[in-house]
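Each chain, letter by letter, is given below.
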Amino acid sequence: MWIERFFQLVTSTLIFGIIISTLLHILLFSSDSETYRAWVVVQIVLQLLAAVSLWYVKQFKVLAIVIFMILSLLFFFINAMYINYGNNSVHILLVSLFWTIYGSLIFKARSRFYTLRK
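Cut-off values and rules
- Residues numbered from 1 in each chain as written.
- Predicted model: local features only at pLDDT ≥ 70, side-chain atom pairs only at ≥ 80, totals over all residues.
- Heavy atoms only, no water.
- Core = buried A, V, L, I, M, F, W, Y, C linked by side-chain atoms within 4.5 Å.
- Buried < 20%, exposed > 50% of the residue type's maximum accessible area, 1.4 Å probe, protein only.
- Helix = DSSP H or I, 4+ residues; strand = E, 2+ residues; numbered from the N terminus.
- Contact = heavy atoms within 4.5 Å.
- Phe/Tyr/Trp six-rings, centres within 6.5 Å; stacked < 30°, edge-to-face > 60°.
- Axes fitted to C-alpha atoms, helices over the stretch in contact; angles between N-to-C directions.
- Parallel < 35°, antiparallel > 145°, perpendicular 65-115°, else oblique.
- Left-handed = near helix turned anticlockwise from the far one by under 90°.
- Patch = residues over 30% accessible without salt bridge, like charges linked within 9 Å, V, L, I, M, F, W, Y side chains within 5 Å.
- Areas by Shrake-Rupley, 256 points an atom, 1.4 Å probe, with all protein chains shown as cover.
- Salt bridge = Lys/Arg side-chain N within 4 Å of Asp/Glu carboxyl O.

### Structural notes on the nonpolar core
1) Next: Counting residues in each nonpolar core, the largest one holds 27 residues, and the members touching the most others are Phe-7, Leu-54, Val-57, Phe-68, Tyr-102, Ile-106 and Phe-113.
2) Next: The set of elements that each furnish at least two residues to this core consists of α1 (2–25), α2 (34–58), α3 (62–83) and α4 (88–108).
3) Next: Ranked by residue count, the leading element in this core is α2, at eight residues.
4) Next: Those residues in contact with Leu-54 that lie beyond four places of it in its chain are Thr-11, Leu-14, Ile-15, Ile-18, Phe-68 and Tyr-102.

Right, dumping it as structure tokens:
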């Protein structure tokens, strides 16, 4: 079906975007704050784990969706509180918008998640 292919295309684009973002986060190591650099390391680890979990979401694994949701909420929380603090309303709006759009796409492709369960 076309929705599954579109879902996989969007998920592949997300994986690519997360990997690019991870590479760009390396630039944040130039900060003179040790605490800030520690939070950047946590962000990078969360992004790499999110990319791996999205790879499994792309293969229609239900558990991977839950793991990705937890990782993305942790990422946005740390980003809002410790990395880009002061923009909390923007972060809340973006998280809500992302999960509304991606969640509706998951809902549309949900039949594939249940038929491939082993």
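Now that the structure is up, let's keep going.
### Some thoughts on the packing of aromatic side chains
1) Next: Within this structure, the stated rule accounts for 11 aromatic pairs.
2) Next: Centre to centre, the rings of Trp-39 and Tyr-82 are 4.1 Å apart; their planes meet at 5°, and the pair counts as stacked. Pair noted here: Trp-39 is in helix α2 and Tyr-82 is in helix α3, with a separation of 43 residues, a long-range link.
3) Next: Given the relative accessible area of 34%, Tyr-82 is considered partly exposed.
4) Next: When the ring of Phe-75 is compared with that of Phe-76, the centres are 5.6 Å apart and the planes differ by 80°; the resulting orientation is edge-to-face.

### Things to note about unusual backbone geometry
1) Next: One non-glycine residue with positive phi stands out, namely Phe-60, at about 65°.
2) Next: Position of Phe-60 relative to the elements: it lies in the loop between α2 and α3.
3) Next: Judged by relative accessible area, which is 3%, Phe-60 ranks as buried.

### Some details on the packing of α1 against α2
1) Next: Two elements in contact, α1 and α2, have axes whose closest approach is 9 Å; the angle formed by their N-to-C orientations is 160°. Looking at the two axes, α1 sits roughly antiparallel to α2. Handedness of the crossing formed by α1 with α2: left-handed. Residues Phe-7, Gln-8, Thr-11, Ser-12, Leu-14, Ile-15, Ile-18, Ile-19, Ser-21, Thr-22 and His-25 of α1 form the contact with α2, whose own contacting residues are Val-40, Gln-43, Ile-44, Gln-47, Leu-48, Ala-50, Ala-51, Leu-54, Trp-55, Val-57 and Lys-58.

### Things to note about the packing of α1 against α4
1) Next: As a packed pair, α1 and α4 sit with axes 9 Å apart at the nearest point and diverge in direction by 145°. By crossing handedness, the relation of α1 to α4 is classed as left-handed. Contacts between α1 and α4 involve Ile-3, Phe-6, Phe-7, Val-10, Thr-11 and Leu-14 from the first element and Phe-98, Tyr-102, Leu-105, Ile-106 and Lys-108 from the second.

### Some remarks on the side chain of Gln-43
1) Next: Structurally, the position occupied by Gln-43 is in helix α2.
2) Next: Given a relative accessible area of 0%, Gln-43 falls into the buried group.
3) Next: Leaving out residues up to four positions away in the same chain, Gln-43 has contacts with His-25, Phe-75, Ile-78, Asn-79 and Ile-83.

### Here we look at the environment of Ser-33
1) Next: Mapped onto the secondary structure, Ser-33 falls in the loop between α1 and α2.
2) Next: Residue Ser-33 is classed as partly exposed on the basis of its relative accessible area, which comes to 28%.

### Side note on a nonpolar patch on the surface
1) Next: On the surface, a nonpolar cluster with roughly 1000 Å² of combined accessible area is contributed by Phe-16, Ile-19, Ile-20, Leu-23, Leu-24, Ile-26, Leu-27, Phe-29, Val-41, Val-45 and Leu-49.
2) Next: Elements supplying a minimum of two residues to the nonpolar patch: α1 and α2.
3) Next: In this structure, Ile-20 sits in helix α1.
4) Next: Classification of Ile-20 by relative accessible area gives partly exposed; the value is 35%.

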